[in-house]
Amino acid sequence: MSQQQQRNWFARHKVLTAAGAVVAVIAIGAAMGGGGDAESPKAGAKQEQPAKQGGDKGDKKAQDKPKGATIDGDGDFEVGSDVKPGLYRSTGNEDAGCYWERAKNASADTDAILANDNVTGTSYVEIKASDKLFKSSGCGTWEAVDAKAKGTPGTTLKGDGGMFKVGVDIAPGTYKSTGNKDAECYWERSKDASHGTDSILANDNATGTAIVKVSASDGYFKSSGCGDWAKTG
């Protein structure tokens, strides 16, 4: 197992104890055995590209978008010059083929990583002004979103849908997922989209039925490898 696979696996399988420590609940050997874990593939070769600046010249609406409104799904981007800080969303990612990373420098060392993930479905990421680099490989285009925007939240969720913004994508309430096997279902309630361990409010790797109460004060709900969720209360 490569160093990048290890760090990505831990980034995707964090479980908090009552004391707030992060532990892995599935043995690495079982989860990564044979190097064939389809959920945590190596990030593809990175292709450096500048951030998009609003799309087609003939599209006035696209031209009106401010600099940094979109980020290409492949490339390394300097925060402040290539991309502005803010909240971004990428959708339509399949089979954990999207890898992103917030970094404090361009050394590519493991200790430079502030947060990262392999994504299936949708991901939200908050790029901070203090970040130095944002990396993306194999992802759908990242679009800037208004952190205060409202939506029409749903009451059913795809179990492999990725991240759902509470009050926009998902309504607060109690949700149930069934038929989960071998602790392959990972869910997470978080207070923001920075993806640091201190952002996690609660999480688990579930086998069988999982029941989670999503609070109105939560920022996001994340689901990976789970049966679909339905609101029960």
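The present account deals with the structure reproduced in this document. (Residues numbered from 1 in each chain as written. Predicted model: local features only at pLDDT ≥ 70, side-chain atom pairs only at ≥ 80, totals over all residues. Heavy atoms only, no water.)

Looking now at the overall build of the protein chain. In terms of helices and strands, the protein chain carries 3 helices and 14 strands. Per-residue burial over the protein chain gives 46% buried out of 233 residues. In the protein chain, 71% of the contacts between residues at least 6 apart in sequence involve partners at least 24 apart. For the protein chain, the accessible surface area stands at approximately 11,200 Å², while carbon and sulfur atoms represent 48% of it. (Helix = DSSP H or I, 4+ residues; strand = E, 2+ residues; numbered from the N terminus. Buried < 20%, exposed > 50% of the residue type's maximum accessible area, 1.4 Å probe, protein only. Contact = heavy atoms within 4.5 Å. Areas by Shrake-Rupley, 256 points an atom, 1.4 Å probe, with all protein chains shown as cover.)

Going through the model one piece at a time under the given rule, you end up with 2 disulfides. In this model, Cys-185 is linked to Cys-226 through a disulfide, with the two sulfur atoms separated by 2.0 Å. Residues Cys-185 and Cys-226 are joined by a disulfide whose S-S torsion is about 85°; by sign, that bridge is right-handed. With Cys-185 in strand β11 (residues 173–190) and Cys-226 in the loop between β13 (220–224) and β14 (229–231), this residue pair connects regions lying 41 residues apart in the sequence. The two residues Cys-185 and Cys-226 agree in class, both being buried. Shown here for the protein chain is a disulfide pattern of 1-2, 3-4, where each number marks a bonded cysteine counted in sequence order. (Disulfide = S-S within 2.5 Å.)

Further remarks concern the pairing of strand β5 (residues 86–103). The pairing of β5 with strand β6 (residues 113–127) spans 12 bridges and is antiparallel. Considered in β6, the bridge of Trp-100 is made with Asp-117. Of the pairings in the sheet, the one linking β5 to strand β7 (residues 133–137) comprises 5 bridges and is antiparallel in character. When the bridges of β7 are listed, Tyr-99 appears paired with Ser-137. (Pairing = 2+ DSSP bridges.)

To continue, consider the packing of aromatic side chains. Evaluated as defined, the whole model comprises 5 aromatic pairs. A ring pair is formed by Phe-134 and Trp-142, whose centres lie 5.5 Å apart and whose planes are at 85°; its orientation type is edge-to-face. Across the pair, exposure class does not vary: Phe-134 and Trp-142 are buried alike. When the ring of Trp-187 is compared with that of Phe-221, the centres are 6.5 Å apart and the planes differ by 20°; the resulting orientation is stacked. Here Trp-187, found in strand β11, pairs with Phe-221, found in strand β13; they are 34 residues apart in sequence, far enough to count as distant. (Phe/Tyr/Trp six-rings, centres within 6.5 Å; stacked < 30°, edge-to-face > 60°.)

Let's shift gears to the environment of Ile-170. Checked against the element boundaries, Ile-170 lands in the loop between β10 (162–165) and β11. In sequence terms Ile-170 and Leu-157 are 13 residues apart; their C-alpha atoms lie 7.7 Å from each other. Not counting chain neighbours up to four residues away, the residues in contact with Ile-170 comprise Pro-153, Gly-154, Leu-157, Phe-164, Lys-165, Tyr-175, Val-214 and Phe-221.

Leu-157, Ile-170, Tyr-175, Trp-187, Val-214, Phe-221 and Trp-229 are the most contacted members of the largest nonpolar core, which has 16 residues in total. Going through the elements one at a time, β11 and β12 (200–214) are the ones with two or more residues in this core. One finds Val-79, Val-83, Tyr-88 and Cys-139 within the second-largest nonpolar core, a separate group that totals 14 residues. (Core = buried A, V, L, I, M, F, W, Y, C linked by side-chain atoms within 4.5 Å.)

One can find Val-125 in strand β6. Measuring from C-alpha to C-alpha, the distance between Val-125 and Tyr-88 comes to 5.3 Å, with 37 residues separating the pair along the chain. For Val-125, the residues in contact, after removing those within four places along its chain, are Gly-86, Leu-87, Tyr-88, Trp-100, Arg-102, Phe-134, Trp-142, Ala-193 and His-195.

So, to be careful, I would describe these as geometric facts and stop short of saying anything about function.
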